[in-house]
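Here are the chains, one letter per residue:
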Amino acid sequence: MTQTAAEPAVVAPPSPRPTRPRKPFRYRKAIAIFILPFAALFAAFYLTPILYAVFQSLQKVEREGTFGAPTQVFGGLSQYALVFQNTEFWSSIGRVLLFGVVQVPVMLLLALLFALLLDSPLLRGKRFFRLAFFAPYAVPGVIAAIMWGYLYSPSLSPFSAVTSRAGLLDGGTVLWAVANVVTWVFVGYNMLIIYSSLLAIPTEIYEAARLDGASQWRIAVSIKIPLVVPAIVLTAVFSVIGTLQLLTEPLVFRQFTSTISSTFTPNMLVYSTSSVPNFNLAAAFSVVLAVATFILSIGFLRLTQRKADQ
């Protein structure tokens, strides 16, 4: 008799264990703990002042008789009606818009040029130039305005022979004297943003371009600048917001020249109105200025995105 080998028993595979559905908000408490400090500070120092300014802009002061005690009551949109009737406010808006149309492109062009120079392999002493370009931003705006005010003033400047003839603090040129100070301070800041974007570009792209025979100029124009357009747009938005908030430089320059009035820029008008004091009208000015800044910033972003899509 022949014996047959015993067939191995077939072992059934283990049944898979039922998996518990993952909770989408499993770490809600941890997320809330990390977000809570920021949310509290954001609400206390950003949202609360905005809501308080809106509340103040809807109030007005009334008096009983000529020498009666002032009483703050609800005024509706009466303060905003005064804003739209105020010609000095809209003149200051037009002045800073003219300032931005000229100063912002010049500043960003210089920032882009300096960033490309720092990123170029042909430049020597990059550490020195990086510090030299960025150093003016480390100077406080008030100190920078005082320093340039002394340089512009014919009676105080060491170059009085030039400044007395140029008239840099006259009515027709004082706006551009302020623009020079703002450009000198913020070119390095914008350059650093663009330069950081250049450093994020993979070096393989440059090596492939060099193998194709592209020069440094061609690489800068055809590769570097198109790839840093988002950084340029970001700096442009910051510059638009900063233009409408112009205050420090013209306020300091008032000590050197009489051609700058208390309503030279929108923020100076808000400051002088609150000093009267007329806090309700100053709050209405602030709200309208904030809305105008928001509309210009969003409009600029939409315009650049539309051009990028095309």
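Below is a short write-up of the structure.

1. Let's talk about the overall build of the protein
When you go through the protein residue by residue, the secondary structure sums to 13 helices and two strands. Taken over 310 residues, the protein has a buried fraction of 33%.

2. A look at the environment of Ala 53
For Ala 53, the position within the fold is in helix α1 (residues 28-57). Linking Ala 53 and Ala 284, residues 231 residues apart in sequence, is a C-alpha distance of 7.5 Å. Sequence-distant contacts of Ala 53, that is, excluding residues within four places in its chain, are made with Ala 283 and Val 287.

3. Some thoughts on the side chain of Asn 86
Along the chain, Asn 86 falls in the loop between α2 (78-85) and α3 (87-119). A distance of 3.0 Å separates a polar side-chain atom of Asn 86 from the backbone nitrogen of Glu 88.

4. Considering the side chain of Gln 56
Counting through the fold element by element, Gln 56 comes out in helix α1. In this structure Gln 56 comes out as buried when scored by relative accessible area, which is 9%. Polar contacts involving the side chain of Gln 56 include one to the side chain of Asn 280, which spans 2.9 Å. Excluding residues that lie within four positions of it along the chain, Gln 56 makes contacts with Gln 72, Asn 280 and Ala 283.

5. With respect to the packing of α3 against helix α4 (residues 126-138)
The interhelical angle for the contact between α3 and α4, taken along N-to-C directions, is 160°, at an axis separation of 10 Å. Our classification of the angle between α3 and α4 gives roughly antiparallel. Once α3 is placed against α4, the crossing between them reads as left-handed. Contacts between α3 and α4 involve Phe 114, Leu 118 and Asp 119 on the former and, on the latter, Lys 126, Phe 129, Arg 130 and Phe 133. Each residue belonging to the contact of α3 with α4 can be placed in one class, and the counts come to four nonpolar, no polar and three charged.

6. So, the environment of Val 187
Position of Val 187 among the secondary structure elements: in helix α7 (residues 174-199). Under the relative-accessibility criterion, Val 187 is labelled buried at 6%. In the structure, Val 187 is positioned 80 residues away from Met 107 in sequence and 5.8 Å away in space, judged by C-alpha atoms. Excluding residues within four positions of it along the chain, Val 187 makes contact with Met 107, Leu 110, Ala 111 and Phe 114.

7. Re the pattern of salt bridges
Using the criterion set out here, one finds two salt bridges in the structure. Of the charged contacts in the structure, one is a salt bridge between Glu 62 and Lys 60, with a shortest N-O distance of 3.6 Å. Taking the relative accessible area as the measure of exposure, Glu 62 reaches 39% and is therefore partly exposed. In this structure, Lys 224 engages Asp 119 in a salt bridge whose closest nitrogen and oxygen atoms are separated by 2.9 Å. On the criterion of sequence distance, the pair formed by Lys 224 in helix α9 (residues 216-227) and Asp 119 in helix α3 is long-range, its members being 105 residues apart.

Conventions used here
Residues numbered from 1 in each chain as written. Predicted model: local features only at pLDDT ≥ 70, side-chain atom pairs only at ≥ 80, totals over all residues. Heavy atoms only, no water. Helix = DSSP H or I, 4+ residues; strand = E, 2+ residues; numbered from the N terminus. Buried < 20%, exposed > 50% of the residue type's maximum accessible area, 1.4 Å probe, protein only. Contact = heavy atoms within 4.5 Å. Polar contact = N/O pair within 3.5 Å; in protein donor to acceptor, adjacent residues only side chain to side chain. Axes fitted to C-alpha atoms, helices over the stretch in contact; angles between N-to-C directions. Parallel < 35°, antiparallel > 145°, perpendicular 65-115°, else oblique. Left-handed = near helix turned anticlockwise from the far one by under 90°. Nonpolar A, V, L, I, M, F, W, Y, C, P; charged D, E, K, R; others polar. Salt bridge = Lys/Arg side-chain N within 4 Å of Asp/Glu carboxyl O.

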